[in-house]
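Each chain, letter by letter, is given below.
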Amino acid sequence: MLIYGKEIANKIIAELKPKTKKRRLCLAIVQVGKNEVSAAYIRKKQEKARELGIKVELARLSDSLSEEKLKKALSLIAAKKNITGIILQLPLPPGIAAQEVLDTLPVKKDVDVLSSQAFGRFVLNQKGALLPPVVSAVARLLQEAKVNLQGSEVTVVGAGRLV
């Protein structure tokens with residue numbers, strides 16, 4: 001079976017447009033250092049946000065920033081009232097404890113569900129917990145393709161927090 005993700009993505013965008021237009025949403029994307037692969041992902045995120053009428057504030061920080069200064073910078077960004085969501089673009093430079101930095105993100109603004117608190121809420125299926133974006137995308141793909149996994153044996157292979 002082939003699942004055409006682009007068609008499903010366009011359907012999701014069409015469903016979301018009326019919902020996002022009613023709200024004043026602003027996504028902060030924080031990139032530490034220069035990474036062309038990360039920059040390409042950021043451009044795609046900015047494009048989809050624009051399509052949905054979501055404002056994006058991109059913060060490019062130096063890779064020479066200490067872990068403590070990065071945490072402080074994230075806290076300052078998170079404290080802004082207009083920021084409704086934050087993405088800390090991974091990977092972070094070597095020598096920075098990614099999880100400790102991710103844990104500075106407020107759970108309500110952690111759209112990638114990567115902080116320990118946000119991830120824990122998801123794992124425990126707590127009320128109001130967000131689904132991680134990849135989990136949500138896979139669930140939607142399966143739903144749209146009318147794939148019923150009940151009674152199936154499934155193997156999931158992955159090595160990272162995002163996928």
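It should be noted that the structure appears before, not after, this text.
Residues numbered from 1 in each chain as written. Predicted model: local features only at pLDDT ≥ 70, side-chain atom pairs only at ≥ 80, totals over all residues. Heavy atoms only, no water.

**Section: the overall build of the chain**
Note the following rule: Only DSSP runs of H or I reaching four residues or more are called helices, and only runs of E reaching two or more are called strands; each is numbered from the N terminus. In this treatment the radius of gyration is a C-alpha quantity, and the globule benchmark scales as 2.2 Å times the residue count to the 0.38 power. For each residue, the accessible area found with a 1.4 Å probe, counting protein chains only, is set against the maximum for its type, and the residue is called buried under 20%, exposed over 50%, and partly exposed in between. Should any heavy atoms of two residues lie within 4.5 Å, those residues are considered in contact. Each accessible area value is a Shrake-Rupley result obtained with a 1.4 Å probe; residue values ignore everything except the protein chains displayed when judging cover. We treat Lys and Arg as the positive residues and Asp and Glu as the negative residues; His and chain ends play no part in the count. Taken as the charge location is NZ of Lys, CZ of Arg, CG of Asp or CD of Glu.
Within the chain, the secondary structure is distributed over six helices and three strands. Taking 15 Å as the expected radius of gyration for a compact globule of 163 residues, we find that the chain reaches 17 Å, a close match to that expectation. Counting every position in the chain, which comprises 163 residues, the buried fraction comes to 30%. Taking the contacts inside the chain whose residues are at least 6 apart along the sequence as the reference set, 68% of them involve residues at least 24 apart. For the chain, the exposed surface amounts to about 11,100 Å²; the carbon and sulfur share of it is 57%. Put simply, the chain has 28 plus and 15 minus side-chain charges, and the middle of one group is 9 Å from the middle of the other.

**Re the packing of aromatic side chains**
Put simply, the test is: Aromatic contacts are taken between Phe, Tyr and Trp rings whose centres are within 6.5 Å, Trp giving its six-membered ring; a plane angle under 30 degrees counts as stacked, one over 60 as edge-to-face, and the others as tilted.
Tallied over the full model, the rule gives one aromatic pair. The interplanar angle of 50° and the centroid separation of 5.8 Å between the aromatic rings of F119 and F122 together place this pair among those described as tilted. You can see F119 and its partner F122 sitting in helix α5 (residues 116–123), three residues apart, about one turn around the helix. You can call F122 partly exposed: its relative accessible area is 23%.

**Quick look at the packing of helix α1 (residues 5–21) against helix α2 (residues 36–52)**
When two helices pack together, you describe them by how their axes are tilted relative to each other and by the distance separating the axes. Which entries qualify depends on this criterion: Inter-axis angles, ranging from 0 to 180 degrees, are taken between N-to-C directions of lines fitted to C-alpha atoms, where helices are fitted over the stretch in contact. Side-chain classes follow a simple rule in which Ala, Val, Leu, Ile, Met, Phe, Trp, Tyr, Cys and Pro form the nonpolar group, Asp, Glu, Lys and Arg form the charged group, and the remainder, Gly included, forms the polar group.
Close contact between α1 and α2 brings their axes to 8 Å; oriented N to C, the two are set at 65°. Here I13, L16, K17, T20 and K21 of α1 lie close against α2, whose contacting residues are K48, E51 and L52. Residues of the contact of α1 with α2, tallied by class, amount to three nonpolar, one polar and four charged.

**Digging into α2**
Stated precisely, the cut-off is as follows: Expected helix span is taken as 1.5 Å per residue step, with the number of steps being one fewer than the number of residues. Here the arc refers to the directions that run from the helix axis out to each C-beta atom. Each polar contact in these results corresponds to two N or O atoms within 3.5 Å; when the atoms are within protein, one needs to be able to donate a hydrogen and the other to accept it, and residues that are neighboring in sequence are counted only if both atoms are side-chain atoms.
The end-to-end C-alpha distance of α2, which contains 17 residues, comes to 24 Å, matching closely the 24 Å that a straight helix rising 1.5 Å per residue would cover. Within the sequence span of α2, burial applies to S38, A39, I42, Q46, A49 and L52. Seen end-on, α2 carries its buried residues on one side only, within an arc spanning 140°. Summarising the geometry of α2, the exposed residues directed more than 90 degrees from the buried face are E36, V37 and Y41. On the buried face of α2, the contacting elements are α1, β1 (26–32) and β2 (55–61). Of the residues that open α2, the one with a side-chain oxygen 2.9 Å from the backbone nitrogen of V37 is N35. A positive phi of about 75° marks G53, the residue just after α2.

**A closer look at unusual backbone geometry**
Of note, the bond from L90 into P91 is cis; its omega dihedral lies within 30 degrees of zero at 5°. Looking at the secondary structure, you find P91 in the loop between β3 (85–88) and α4 (98–102). For N125, which is not a glycine, the phi torsion comes out positive at approximately 55°. In this structure, N125 sits in the loop between α5 and α6 (133–144). Phi at K146 is positive, roughly 55°, even though this residue is not glycine. For K146, the location among the structural elements is in the segment after α6. For K146, a relative accessible area of 72% translates into the label exposed.

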